[in-house]
Amino acid sequence: ACGYVCVASAATEADPRAGVAIFLRLDGIDTRTIRNPTVHIAGRLLSVEVEINGIISTLYSIYIPSDPAKRRAFLTDVEKLNITIGPNPIVQGDLNVVKDPKIDSKSQDGAEPYKSPHSHLVERMLAGWGCKDIYRTIHPTEPGFTRLCDSVHTRIDRLLRLQSFAYQPPTTTHHPPPNML
């Protein structure tokens, strides 16, 4: 992609529906600060360290399988890896589960309610990483659906950050800082 550096982990023959990537804007980052690109699980979990406005952060892209059996196996694999979360993590991903079905999903007329097996395991993993849902912090009761289907709307895609991460905007730029809460 023009104007971006891409760190990616493609789908595999064994997992053809996978694939994760992190795109970094060339005009917003010194590419010399990109380090430790790590594929934790091929096509499903990727991380890279980068310096953003003088702060070293670890960016993660995660794609949890939608199939419940594959999801359970993936979460077991992640747990076995015992991943040490890098500095100032920012996690984005398609988690394929909702935390709170009451506000994170809405079934359309006559459709079955969204089932979210293993959501407790995903939430435990994220809590273990010390991550907090950015959207839910700003909008504690609004749905904010990210997946709109004929039968159900859900918020399965999320952006998370370390609970204690305090973003410090640079003092030498004319650009407004991103809202990182």
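None of the values given here were measured: they were computed from a predicted structure.

> Requested: an account of the overall build of the protein chain, with residues and values cited.
Counting its secondary structure elements, the protein chain contains 4 helices and 11 strands. The proportion of buried residues among the 181 residues of the protein chain is 39%. Restricting the contact set of the protein chain to residue pairs at least 6 apart, pairs at least 24 apart contribute 62%. In the form shown here, the protein chain has an accessible surface area of approximately 10400 Å², with 53% of it arising from carbon and sulfur atoms.

> Just give me the short version of the sheet that holds strand S3 (residues 35-41), but keep the residues and values in it.
Across the sheet, 6 strands lie side by side as S3-S4-S5-S6-S11-S8; this open sheet has mixed pairing. The outermost strands of the open sheet, each flanked by one partner alone, are S3 and strand S8 (131-133). Strand-to-strand, the axes of this sheet are offset by a mean angle of 25°, without reference to chain direction. Pairing analysis gives 6 bridges linking strand S5 (residues 55-63) to strand S6 (residues 89-94), with the strands arranged parallel.

> Outline the pattern of salt bridges, supporting the account with residue identities and numerical values.
Applying the stated criterion across every chain yields a total of 10 salt bridges. The closest approach of N and O atoms between Arg25 and Asp27, which form a salt bridge, is 2.8 Å. Looking at Asp27, the relative accessible area reads 61%, which means it is exposed. Between Arg136 and Asp104 there is a salt bridge, with its nearest N and O atoms 2.4 Å apart. With a gap of 32 residues between them, Arg136 in helix H4 (residues 134-138) and Asp104 in helix H2 (residues 101-104) connect regions that are remote in the sequence. Residue Arg136 is classed as buried on the basis of its relative accessible area of 17%. In the salt-bridge network here, residues are joined through shared partners; they are Asp104, Asp133, Arg136 and Arg155.

> Could you give an account of the layout of surface pockets, naming the residues involved and the relevant values?
Its boundaries defined by the atoms lining it, the second largest pocket holds a volume of some 300 Å³. Considering the residues around the second largest pocket, the lining is formed by Arg72, Leu75, Thr76, Val78, Glu79, Asn82, Ile83, Leu121, Arg124, Met125, Gly128 and Trp129. Mapped onto the lining of the second largest pocket, the elements with two or more residues apiece are helix H1 (68-81) and helix H3 (119-128). The element that contributes the greatest number of residues to the lining of the second largest pocket is H1, accounting for 5 residues. Split into classes, the residues belonging to the lining of the second largest pocket amount to 6 nonpolar, 3 polar and 3 charged.

The rules behind each value
- Residues numbered from 1 in each chain as written.
- Predicted model: local features only at pLDDT ≥ 70, side-chain atom pairs only at ≥ 80, totals over all residues.
- Heavy atoms only, no water.
- Helix = DSSP H or I, 4+ residues; strand = E, 2+ residues; numbered from the N terminus.
- Buried < 20%, exposed > 50% of the residue type's maximum accessible area, 1.4 Å probe, protein only.
- Contact = heavy atoms within 4.5 Å.
- Areas by Shrake-Rupley, 256 points an atom, 1.4 Å probe, with all protein chains shown as cover.
- Pairing = 2+ DSSP bridges.
- Axes fitted to C-alpha atoms, helices over the stretch in contact; angles between N-to-C directions.
- Salt bridge = Lys/Arg side-chain N within 4 Å of Asp/Glu carboxyl O.
- 1 Å grid on protein atoms, 1.4 Å probe; cavity = no way out; pocket = protein on both sides within 12 Å on 5 of 7 lines; lining within 4 Å.
- Points joined across faces, edges and corners; volume = space filled by probe spheres on them.
- Nonpolar A, V, L, I, M, F, W, Y, C, P; charged D, E, K, R; others polar.

Just geometry here; none of it tells us what the structure is for.
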